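Residue-level structure breakdown
Listed below, chain by chain, are the residues.
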Number of protein chains: 2
Amino acid sequence: MISVKIILFIIDGLGDRPNSKGNTPLKEANTPTLDGMAKEGICGIMNAVDIGVRPGSDTAHLALLGYDPYKYYTGRGPFEAAGVGIEVKPGDVAFRCNFATVDENFKVLDRRAGRIKETKELEKVIDGLEIDGVKVIFKESGGYRAALVLRGEGLSDKVSDGDPHKVGVKVSEVKPLDSSPEAKRTADILNKLIKISYERLNNHPVNEDRRKKGLLPGNIILPRGGGMVPYIEPFYERYKLRGACIAGTGLIKGIGKMVELDFIPVEGATGTPSTNYMGKARAVVESIKNYDFIMVNVKGADEASHDGDYETKVKVLENIDRMLEYILNNIDREEVYIVVTGDHSSPIEVRDHSADPVPIVIWGKSVRPDDVDRFDEFSTYKGGLCWIKGKYIMPILLDLINKSEKYGA
Amino acid sequence: MISVKIILFIIDGLGDRPNSKGNTPLKEANTPTLDGMAKEGICGIMNAVDIGVRPGSDTAHLALLGYDPYKYYTGRGPFEAAGVGIEVKPGDVAFRCNFATVDENFKVLDRRAGRIKETKELEKVIDGLEIDGVKVIFKESGGYRAALVLRGEGLSDKVSDGDPHKVGVKVSEVKPLDSSPEAKRTADILNKLIKISYERLNNHPVNEDRRKKGLLPGNIILPRGGGMVPYIEPFYERYKLRGACIAGTGLIKGIGKMVELDFIPVEGATGTPSTNYMGKARAVVESIKNYDFIMVNVKGADEASHDGDYETKVKVLENIDRMLEYILNNIDREEVYIVVTGDHSSPIEVRDHSADPVPIVIWGKSVRPDDVDRFDEFSTYKGGLCWIKGKYIMPILLDLINKSEKYGA
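For chain A, the name recorded in an unreviewed UniProt entry is 2,3-bisphosphoglycerate-independent phosphoglycerate mutase, with Methanofervidicoccus abyssi as its organism. UniProt lists a comment for chain A under the heading Catalytic activity (unreviewed entry), and it reads "(2R)-2-phosphoglycerate = (2R)-3-phosphoglycerate". Reading the Sequence similarities (unreviewed entry) entry of the UniProt record for chain A gives the comment "Belongs to the BPG-independent phosphoglycerate mutase family. A-PGAM subfamily."

Every contact between the two is made by 37 residues of chain B and, on the other side, 25 residues of chain A. Where chain B abuts chain A, roughly 2400 Å² becomes buried across the two surfaces, and 51% of that area is made up of carbon and sulfur atoms. If you look at where chain B meets chain A, you find four salt bridges. Between Asp-371 of chain A and Lys-382 of chain B there is a salt bridge, with its nearest N and O atoms 2.5 Å apart. Counting every contact that joins chain B to chain A gives 21 residue pairs in polar contact (both at pLDDT 80 or more). For the side of chain B that touches chain A, the secondary-structure elements that each account for two or more residues are strand S3 (54-55), helix H3 (57-64), helix H4 (69-72) and strand S15 (386-389) of chain B. Along the lines of polarity and charge, the residues of the side of chain B that touches chain A split into 17 nonpolar, eight polar and 12 charged. In terms of strand pairing, strand S15 (residues 406-407) of chain A meets S3 of chain B through two bridges, oriented parallel.

This part takes up the side chain of Arg-210 of chain B. All names here are of chain B. When you line up the elements, Arg-210 lands in helix H8 (residues 205-212). Of the residues examined, Arg-210 reaches a relative accessible area of 4% and is grouped as buried. In terms of polar contacts, Arg-210 uses its side chain to reach the side chain of Glu-118, at 3.2 Å. Ignoring anything within four residues of it in the chain, the contact list for Arg-210 reads Ala-113, Gly-114, Ile-116, Lys-117, Glu-118, Leu-215, Leu-216 and Pro-217.

All right, on to the packing of helix H3 (residues 57-64) of chain A against helix H10 (residues 250-258) of chain A then. All names here are of chain A. Their axes nearest at 10 Å, the elements H3 and H10 cross at an angle of 35°. Between H3 and H10 lies a crossing whose hand is right-handed. Taking contact as the criterion, the partners of Ser-57, Asp-58, His-61 and Leu-62 in H3 are, on H10, Leu-251, Ile-252 and Ile-255. The class makeup of the residues in the contact of H3 with H10 is four nonpolar, two polar and one charged.

Mapping chain B onto chain A is achieved by rotating through 122° and translating by 0.1 Å along the same axis, at an RMSD of 0.3 Å. Put plainly, the chains are arranged around a three-fold axis. A low fraction, 5%, of the interface residues of chain B reappear at the interface in chain A, so the copies pair through non-equivalent surfaces.

Bringing helix H13 (residues 310-329) of chain A into the picture now. With 20 residues, H13 of chain A extends 29 Å from end C-alpha to end C-alpha; this agrees with the ideal 28 Å at 1.5 Å per step. Along H13 of chain A, the positions that sit buried rather than exposed are Tyr-310, Lys-313, Val-314, Val-316, Leu-317, Ile-320, Asp-321, Met-323, Leu-324, Ile-327 and Leu-328 of chain A.

Another point: the sheet that holds strand S12 (residues 293-298) of chain B. Sheet strands pair via backbone hydrogen bonds, and the direction of the pair is either parallel or antiparallel. All names here are of chain B. The strand order S11-S10-S12-S1-S13-S14-S2-S15 describes an open sheet built from eight strands, whose pairing is mixed. Lying at the two open borders of the sheet, with one neighbouring strand each, are strand S11 (262-263) and S15. Where strand S1 (residues 5-11) lies against strand S13 (residues 336-341), six bridges are found, and the strand directions are parallel. Bridging across to S13, Ile-7 finds its partner in Ile-338. Lying over the sheet, helix H2 (residues 32-40) contacts strand S2 (42-47), S13 and strand S14 (358-363), oriented at roughly 65° with respect to S14.

UniProt tags residues 5-399 of chain A as "domain: Metalloenzyme" (unreviewed entry). Along residues 5-399 of chain A one finds 32% helix and 20% strand; the C-alpha atoms at either end are 12 Å apart.

Right, let's talk about the packing of helix H5 (residues 76-83) of chain B against helix H10 (residues 250-258) of chain B for a bit. Residues and elements named next belong to chain B. Here H5 crosses H10 at 90°, and the two axes come no closer than 7 Å. Classified by the angle their axes make, H5 and H10 are roughly perpendicular. Residues Arg-76, Pro-78, Phe-79, Glu-80, Ala-82 and Gly-83 of H5 form the contact with H10, whose participating residues are Gly-250, Leu-251, Lys-253, Gly-254, Ile-255, Lys-257 and Met-258. Broken down by class, the residue content of the contact of H5 with H10 amounts to six nonpolar, three polar and four charged.

The next thing to look at is H2 of chain B. Those residues of H2 of chain B lying buried are Thr-33, Leu-34, Asp-35, Met-37 and Ala-38 of chain B. At its buried positions, H2 of chain B is contacted by S2, helix H13 (310-329), S13 and S14 of chain B.

So, about the sheet that holds strand S1 (residues 5-11) of chain A. Residues and elements named next belong to chain A. With mixed pairing, eight strands are arranged side by side in an open sheet as S10-S9-S11-S1-S12-S13-S2-S14. The sheet is open, and its two edges are formed by strand S10 (262-263) and strand S14 (386-389), each paired on a single side. Judged from the four bridges that link them, strand S2 (residues 42-47) and S14 form a sheet pairing that is parallel. When the bridges of S14 are listed, Gly-44 appears paired with Cys-386. Across the sheet, helix H2 (residues 32-40) is in contact with S2, strand S12 (336-341) and strand S13 (358-363); its angle to S13 comes to roughly 65°.

We now examine the domain arrangement of chain A. Residues and elements named next belong to chain A. Partitioning chain A into structural domains gives domain 1 (5-73 + 232-400) and domain 2 (80-228). Computed from C-alpha coordinates alone, the two centres of domain 1 and domain 2 are separated by 34 Å. In this complex, domain 1 contributes six residues to the contact, which on the side of domain 2 involves six residues. Summing the contributions of domain 1 and of domain 2, the shared interface buries around 460 Å²; its carbon and sulfur component is 66%. Among the residues of domain 1 in contact with domain 2, Leu-251, Lys-257 and Met-258 are the three that bury the most area, contributing 68% of the side total. Here domain 1 and domain 2 share one salt bridge between them.

Rules used in this analysis
- Residues numbered from 1 in each chain as written.
- Chains lettered and ligands numbered in written order.
- Predicted model: local features only at pLDDT ≥ 70, side-chain atom pairs only at ≥ 80, totals over all residues.
- Heavy atoms only, no water.
- UniProt positions renumbered as here; feature names shortened; annotations may be inferred.
- Contact = heavy atoms within 4.5 Å.
- Buried area = accessible area lost by both parts, 1.4 Å probe.
- Salt bridge = Lys/Arg side-chain N within 4 Å of Asp/Glu carboxyl O.
- Polar contact = N/O pair within 3.5 Å; in protein donor to acceptor, adjacent residues only side chain to side chain.
- Helix = DSSP H or I, 4+ residues; strand = E, 2+ residues; numbered from the N terminus.
- Nonpolar A, V, L, I, M, F, W, Y, C, P; charged D, E, K, R; others polar.
- Pairing = 2+ DSSP bridges.
- Buried < 20%, exposed > 50% of the residue type's maximum accessible area, 1.4 Å probe, protein only.
- Axes fitted to C-alpha atoms, helices over the stretch in contact; angles between N-to-C directions.
- Left-handed = near helix turned anticlockwise from the far one by under 90°.
- Least-squares fit on C-alpha atoms with pLDDT ≥ 70 in both.
- Expected span 1.5 Å × (residues − 1).
- Parallel < 35°, antiparallel > 145°, perpendicular 65-115°, else oblique.
- Domains from an automatic or database assignment.

Right under this line is the structure:
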């Protein structure tokens, strides 16, 4: 039997709400390939996590991959850390951090240290520390942001943030959030780490240099959003499919890494509206030759929505349509199923994610076509997938490629 | 108030995937009655167990009858045993068995004993044995197949198969699959039983006779697929409906028996494409006079699918359409609701069950008709039932016949 393959194409922030003219970027965009796929495929609308749930990209992608986020999602920290390339392990506790600027009394002057960029040098004086027998793994993740992982015995993620989330106040003392010895120990270690970070960063040459230029120093790190790294069954073990991930943003890379999808790097894939669309499309076509399953995330539409930029969202969607045209023209149509959907809606009017369902199409040889011939928010709900939840996508695909296990006789 | 009744008509293996011309057997079949029912009734698509789940006929029928298979389905053994007429009881452990041929060193020469047929005589030397205080109930279930039930204290279904599932190797020693004394005891009993079966069968006159004819003897029994018989609330207790079952195959009879549906025998009902269709239709018409609920299963379409026989599947569906025509013409249309659906799809291209949803129609006096006027995979999804799960069918029917209990005031 031929090995049939799957491309899960996720348009981040796909759906929208109608503007005053009743239009959405997806409705207005010129998307002949998506419309053709809707005509040939089976359509519906989907909520990745559940109806009425406004998900993050992380929880939505987990759900789409068939991992219950209520079970596996322990906070953003672990997924960010994995996304920046830290080899996180179950039991690690991971945090997001900012490099910030404080005065000598630890009063926060700027939570982003003047949007400091030269943090690659600064991370080195934190990364590799050992505090009370716990290993500190620390990596900047683009400018003033960083990921922190604590690795060792007896840790907990039940601790408060060191980041006070505002300026003009002192750095928060990290406190245990339950009465366990693990939470107390973790809070102690973080408080020590925050103090040590100041000692090591305040007079660091990079910061001295910034001060000379009149810039704010990144002289402390402020952890927040801690989460225990969960054990997640690897994608291959769960589905017996060799899988890979193509994505521009750290968070999605982190999701892929956590479920052990191989990462396919694409030059110029940035997670912005000016990403290298065709480079990603070529990477899909190339990598589907070597894998059973490719998840590709294109982030630009979501970015445009966060900026409230309707026109850019239209353009991103038209670029994505050309990606799909290229993919369809360069795969064996008998051997590949393609799902196109979003992780969540991001209405322009909201400038953030919403719980509105997103259009979905499953395209491939043996799906049952329906009457839908437009891929937008006002057409796909009439299709054969009706209103579906993200958790059903992988089981449906496994069944279509005849790799589903029978339940019963 | 008139007593309103229900016919649950299950077309085994109903749904399919489109062939290269975009057709399915159901779409091509000439089914004026089904189409008329679709027009007058309320339609949808259904997954008996859940979306994306590829069910067996057993788990699917349980779900359609409103019994959660994840709670009640303990393996095929119990349902097969019930289907061949063994009065199984909760706590019994039931197995499927083959009569097989072994040499004097218990090496398996043929797992089906040359497809031996004369096993009715052979079952008698096993049935009724007592081993370590446990009663052995044993019945052939057609040729080389048999059902085995162990009844007594301290048994477990956590044991491995005695059937090695291949030839040229020794009969497997049954092993406990957990550390409980019950599993060890059950394994011991099965190992003794396998040995005793050889002692009693090897020189049995039936087998001596076969050897003289150059045929392989059925000189051992090989148990597999053990399951503990669950307690299942009888259908009448659950729904207060007097129910009966019409089916040609042992497995479906077993399901009916387990939930204590009366069995209505029909001469020539074989569970094959050449079953006695009209005999079954007449049995439905006759028995609905005496029962509130009739479940009828017609297996032929599934059999045709397993054989990859598109044309036969079309013909089976056309025969089923005539059954429904007869039923409609011979019941009081004011007094009967009819559900027509499948337990699962069985696409010709797969030659096995799939998770594709099946069409469903609920027909009867007070349903809300929708716009669907064709009973097939490409029309029914547009109907008023949308995409529904099997567990909702019985509650909807109970409500339609005004026997649903109000929840709240």
